[in-house]
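# A structural walkthrough
Spelled out, the chains give:
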Amino acid sequence: MNAEEKPIEDIVRENAHAFQTPYYLIDETRLLKNLKRIALVRERSGAKSVLALKCFSTWSVFGLMRRYMDGTTSSSLYEARLGHEKFGKEVHAYCVAFSPEDIEAVRSIATKVIFNSTSQLKRYRSRLKGLPLGLRINPGVSHSHFDLADPARRYSRLGVSRRSDLEEALPLISGAMFHCQCENDRLESFCRILDHIGEKFGSVLRRLEWVSLGGGIYFTQDGYPLDGFCRRLAEFSKEFRVQVYLEPGETAITRSGFLVTKVLDIVHNERDIAIVDAAVEPHMLDLLIYRTDAKIDIAQKGKYTYTVAGRTCLAGDVFGTYRFPEKLRVGSLIPVADASGYTMVKKNWFNGVQMPSIVVRRLNGRLELVKRFQYKDYLTNLS
Ligand SMILES: Cc1ncc(COP(=O)(O)O)c(C=O)c1O
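Structural notes, computed from the coordinates. (Residues numbered from 1 in each chain as written. Predicted model: local features only at pLDDT ≥ 70, side-chain atom pairs only at ≥ 80, totals over all residues. Heavy atoms only, no water.)

### A short note on the sheet that holds strand β4 (residues 90-94)
Spatial ordering of the closed barrel is given by β2-β3-β4-β5-β6-β7-β8-β9, a layout of eight strands whose pairing is parallel. Between one strand and the next, the sheet's axes are offset by a mean angle of 25°, whatever the strand orientation. As paired elements, strand β8 (residues 210-212) and strand β9 (residues 243-246) share three bridges and run parallel to each other. Bridge pairing links Trp210 to Gln243 in β9. (Pairing = 2+ DSSP bridges. Helix = DSSP H or I, 4+ residues; strand = E, 2+ residues; numbered from the N terminus. Axes fitted to C-alpha atoms, helices over the stretch in contact; angles between N-to-C directions.)

### Thoughts on the pattern of salt bridges
Under the definition given, this model contains 27 salt bridges. With a shortest N-O distance of 2.8 Å, Arg362 and Glu28 are connected by a salt bridge. Remark: Glu28 occurs in helix α2 (residues 28-45) and Arg362 occurs in the loop between β15 (357-361) and β16 (367-371); sequence separation between them is 334 residues. A salt bridge links Arg81 to Glu85; the shortest N-O distance between them is 2.9 Å. You can see Arg81 and its partner Glu85 sitting in helix α4 (residues 77-87), four residues apart, about one turn around the helix. The class for Arg81 is partly exposed, based on a relative accessible area of 45%. The network of salt bridges with common partners includes Glu5, Lys33, Arg37 and Asp222. (Salt bridge = Lys/Arg side-chain N within 4 Å of Asp/Glu carboxyl O. Buried < 20%, exposed > 50% of the residue type's maximum accessible area, 1.4 Å probe, protein only.)

### Some remarks on the site of the ligand
Taken together, the neighbourhood of the ligand is formed by 13 residues, with Lys54, Gly216, Glu247, Glu250 and Tyr342 sitting nearest. Contacts to the ligand include Lys54, whose side-chain N or O atom sits 2.9 Å from an oxygen atom. Separating an oxygen atom of the ligand from a backbone N or O atom of Gly216 is a distance of 2.8 Å. Protein burial of the ligand: of its 400 Å² of free accessible surface, 87% is covered by the chains. Broken down by class, the residue content of the shell around the ligand amounts to five nonpolar, five polar and three charged. (Near = heavy atom within 4 Å. Polar contact = N/O pair within 3.5 Å; in protein donor to acceptor, adjacent residues only side chain to side chain. Areas by Shrake-Rupley, 256 points an atom, 1.4 Å probe, with all protein chains shown as cover. Nonpolar A, V, L, I, M, F, W, Y, C, P; charged D, E, K, R; others polar.)

Written out as structure tokens, the structure is:
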């Protein structure tokens, strides 16, 4: 029997003595909600979805994910290998630049290989006989809030942008990949980009069998117009007679992961500052890179304001400032939301801070400790 979507604070409180903090908590019930939407899109539009491992590669929940998704897509040999070993189904191997050794290893595990340039395609294609090959195309337009993550930024190296290169490569490929969206939760913007791709590359698409539209489309969000999305995908697929793929990363796992922390100290400097047993740079690096605050669901409109900070020596190791409904004290538990995408894959041992364990809340509501890190892991990380 599936467990209900319980408030995270209740889950954390009920298990306060079962697990040592800090820990990442992945809730399969919340994950399932996203996965069902992905499956619905497949059913209604025919578009297959492969999980972008660069965003999320915590394989303890792949057993659930593989029931709703078609495989994985990768950005390196190791990710391709993980997809092959732990997820199965389709393995799309993409890399900004493959080495000859990568190609040797990838050819026995990939079901499709996608090159970033025509020079790599020409260099390696003879070693990949029999495998469907694709090319990443830079369509010159994008939806991205950050220049750092904009694949169509000026001088971008991500994908082929010269028409002559593309024409030359066409006889050698059966598919193409366009990844040009980032955190796009607007259907109109997605449609505008798709129209542009259709208009600019229609003659190319008609000569292909499959087209991946990449990731960055937030179609699992509550309220996203799924009907319109599915209709547009199906039209695109029919017009160009291609199998469409999507590469959801964040979309697949959004709102399903937390970083559960505990307050170790409360200090005061003009305001109250709660120091927790985790930290931003080693455990939620993207907050620093993109200069955003962590999400703490319970702390929206309460009476008690605290800055929540990490325990590294970095002065800016700050999760954000929040209004809690109750006073915090040493020992208070604080679950940070949206903590599984581009976080767990980037965690590091900066300051030697205790690495959060990984706990999975299974569909039946049972919590399982799937990984615990120790001093040995810190030690063997370097030599
Ligand atoms: C080629 C490619 N596919 C898929 C993704 C996943 O995007 P998201 O996690 O935003 O869905 C990315 C992210 O950078 C990407 O570069």
